[in-house]
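# Overview (structure and organization)
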Amino acid sequence: MKRILVTGGAGFIGSCLCKRLLNEGNDLICLDNYFTGSKDNILDLIGQPRFELVRHDVITPYYAEVDEIYNLACPASPVHYQYNPIKTVKTSVMGAINVLGLAKRVRCKVLQASTSEVYGDPIVHPQVESYWGNVNPIGIRSCYDEGKRCAETLFMDYHRQNGVRIKIIRIFNTYGPNMNPDDGRVVSNFIVQALRNEDITIYGKGEQTRSFQYVDDLVDGMMRMMATDDSVTGPVNIGNPSEFSILELAEKILMITGSKSKLVFRPLPQDDPTQRQPDISQASALLNGWKPKVQLDEGLTKTVDYFRTRITRS
Ligand code: NAD
Ligand code: UDP
């Protein structure tokens, strides 16, 4: 049994990770300020003896004797991270400094949930970890992209300067149950719109691409990364290389839900990346042959089932 701290544990990915870690017999501290997360996501864990819930903001230090930290605290949807961009930068940067300070003090492992956004609007395709990216430092996405880039810098510097045992993963677009219906990202927007027979909002022409990963595959990859020996620091891409245009995604969701929704076209947000696809050869080599198991149709079907129940309940 390990003592594990998950920051952002009440969010979409954090709650799925907490469930897996608890099922495997670990002792968990789930820390969150509930900005985009919710106690509803972890309702079934509250009250279990090995689960502790802490309301805390990662921009102030937090201390606990733990063996591992998964640092997930940060809004991930463009709508939410752009709501208070200064706070987003503080969460990424000060949050990283605080978890790294804790990891240094208690000599534990610390994993950073970084993002494919560090590649910005990528010119190299698919994206390999050695690519430095194409990020606008002063645009509306920069608070998130540059915040996460700076967090990666801090992780590497704490490792080089202080020997902190770090792991960096770069997560590509992930979806699945426990996403908030108001999250604002494309998969949840389209499914909720389809289930309500409302218009499906395509930004731009819908020709931009993303590679969508089901959350269970990500959680598996995260835990495998944490289990690697100290020589493996990353960054390592974790994503599903199957690439789809946003129009293709909308059509799949219409098909799976049987919805009568119409596609409507809205302006493309500033700096919206035109393409994204992970090269996962590093992950396969370093994480015991890890590769995603759930393909888009299967994952969307499970996610639609989740939203059907969730929307009927609310
Ligand atoms: P989410 O918004 O559902 O979860 C983020 C969690 O962090 C929420 O519970 C939120 O309340 C909490 N949080 C935010 N600011 C905080 C603060 N200052 N202090 C404490 N808690 C705070 O998003 P998610 O999709 O679950 O993303 C989790 C992590 O994974 C994020 O760091 C995100 O950048 C990263 N990531 C996600 C994706 C994806 O596709 N879902 C892709 C790349 C990276
Ligand atoms: N998008 C869209 N309609 C929506 C929400 C998003 O067409 O209702 C597009 C968005 O412009 C982007 C892609 O879907 O090109 C993925 O957006 P998301 O916010 O999920 O994540 P991103 O990868 O941009 O961070």
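All values derive from a computational prediction rather than experimental measurement.

Another aspect to go through is the pattern of salt bridges. Here the structure, examined in full by the defined rule, presents 16 salt bridges. Lys 2 serves as the salt-bridge partner of Glu 68, at 3.3 Å between the closest nitrogen and oxygen. Taken together, the positions of Glu 68 in strand β4 (residues 68–71) and Lys 2 in the segment before β1 (3–7) put the pair 66 residues apart, joining distant regions of the chain. For Glu 68, a relative accessible area of 6% corresponds to the buried category. In this structure Lys 2 comes out as partly exposed when scored by relative accessible area, which is 36%. A salt bridge links Asp 157 to Arg 160; its shortest N-O distance comes to 3.0 Å. In this pair, Asp 157 and Arg 160 are both assigned in helix α4 (residues 142–162), 3 residues apart and thus about one turn of the helix distant. For Asp 157, a relative accessible area of 31% translates into the label partly exposed.

Another point: the pairing of β1. Sheet faces and side chains relate simply in a regular strand, where the side chains alternate between the two faces. The element β1 is largely enclosed, with a buried count of 4 among its 5 residues. One crossover worth recording links β1 to the parallel strand β2 (residues 27–32) by way of helix α1 (residues 12–23), and it is right-handed. Of the pairings in the sheet, the one linking β1 to β4 comprises 4 bridges and is parallel in character. Residue pairing in the sheet places Thr 7 in a bridge with Asn 71 of β4.

The next thing to look at is the environment of Pro 137. By secondary structure assignment, the location of Pro 137 is in the loop between β5 (109–115) and α4. Sequence spacing of Pro 137 and Gln 48 is 89 residues, and the spatial spacing of their C-alpha atoms is 44 Å. In this structure, Pro 137 is in contact with Ser 142 and Glu 146, ignoring residues within four places of it in sequence.

Let us look at the sheet that holds strand β6 (residues 165–171). Taking strand neighbours across the sheet as the criterion, the 7 strands line up as β3-β2-β1-β4-β5-β6-β11 in an open arrangement whose pairing is parallel. The open sheet has two edge strands with one neighbour each: β3 (51–55) and β11 (236–238). Taken over all neighbouring pairs, the strand axes of this sheet differ in orientation by 20° on average, direction set aside. Across the sheet, α1 is in contact with β1, β2, β3 and β4; its angle to β1 comes to roughly 170°. Contacting β5 and β6, α4 crosses the sheet at an angle of about 155° to β5.

This part takes up the packing of helix α5 (residues 186–195) against helix α7 (residues 246–257). With their axes 10 Å apart at the nearest point, α5 and α7 run at an angle of 40° to one another. When the axes of α5 and α7 are compared, the pair comes out oblique. Between α5 and α7 lies a crossing whose hand is right-handed. Counted together, Val 186, Val 187, Phe 190, Ile 191, Ala 194 and Leu 195 of α5 and Ile 246, Leu 249, Ala 250, Ile 253 and Thr 257 of α7 form the full contact between these two elements. When the residues that make up the contact of α5 with α7 are grouped by side-chain class, the tally is 10 nonpolar, 1 polar and no charged.

Before going further, it helps to examine the site of ligand 1. Around ligand 1, the surrounding shell holds 30 residues, and the nearest of these are Asp 32, Thr 36, Tyr 144, Lys 148 and Thr 174. A distance of 3.4 Å separates an oxygen atom of ligand 1 from a polar backbone atom of Cys 74. In this structure, Lys 148 approaches ligand 1 through a side-chain N or O atom, which is 2.8 Å from an oxygen atom. Relative to its unbound accessible area of 820 Å², ligand 1 is 97% covered by the protein chains. Listing elements by their share of the shell around ligand 1, those giving two or more residues are α1, α3 (85–106), β5 and α4. Among the elements that line the shell around ligand 1, the one with the most residues is β5, at 3 residues. Of the residues belonging to the shell around ligand 1, the class tally is 14 nonpolar, 11 polar and 5 charged.

Definitions and cut-offs
All residue numbers refer to position in the chain's written sequence, counted from 1. Numbering of ligands from 1 and lettering of chains from A proceed in the order in which they are written. pLDDT decides what is reported in this predicted model: residues at 70 or higher carry local features, side-chain atom pairs at 80 or more are listed and counted, and totals for whole chains, interfaces and linings draw on all residues regardless. Computation of side-chain values: all heavy atoms of the structure, hydrogens and water removed. One side-chain nitrogen of Lys or Arg within 4 Å of one carboxyl oxygen of Asp or Glu is enough to make a salt bridge. Secondary structure is summarised from DSSP: a helix means a run of H or I of at least four residues, a strand means a run of E of at least two, and numbering begins at the N terminus for each. Throughout this description, buried means an accessible area under 20% of the type-specific maximum (1.4 Å probe, protein chains only), exposed means over 50%, and partly exposed covers the range between. The handedness of a crossover follows from its direction of travel: if, with the strands pointing away from the viewer, the path from the first strand over the helix to the second runs clockwise, the crossover is right-handed. For two strands to be treated as a pair, DSSP must find no fewer than two bridges joining them. Residue contacts are defined here by distance: any two heavy atoms, one from each residue, within 4.5 Å place the two residues in contact. Under this scheme, a helix contributes an axis fitted over its contacting stretch, all axes are lines through C-alpha atoms, and angles between N-to-C directions fall in the 0 to 180 degree range. Any angle that falls under 35 degrees is termed roughly parallel, while one over 145 is termed roughly antiparallel, one within 65 to 115 roughly perpendicular, and all others oblique. The crossing is said to be left-handed when, going from far helix to near helix, the turn is anticlockwise and less than a right angle, and right-handed when the turn is clockwise. Only Asp, Glu, Lys and Arg are considered charged in this grouping, and only Ala, Val, Leu, Ile, Met, Phe, Trp, Tyr, Cys and Pro are considered nonpolar; every other residue, Gly among them, is considered polar. The criterion for a residue being near a molecule or strand is simple. One of its heavy atoms has to lie within 4 Å of it. Here a polar contact is recorded for every N or O atom pair within 3.5 Å, except that within protein the pair must consist of a potential hydrogen donor and a potential acceptor, and residues adjacent in sequence are included only if both atoms are side-chain atoms. For accessible areas, the Shrake-Rupley method is used with a probe of radius 1.4 Å. Any residue's cover is judged against the shown protein chains and nothing else.

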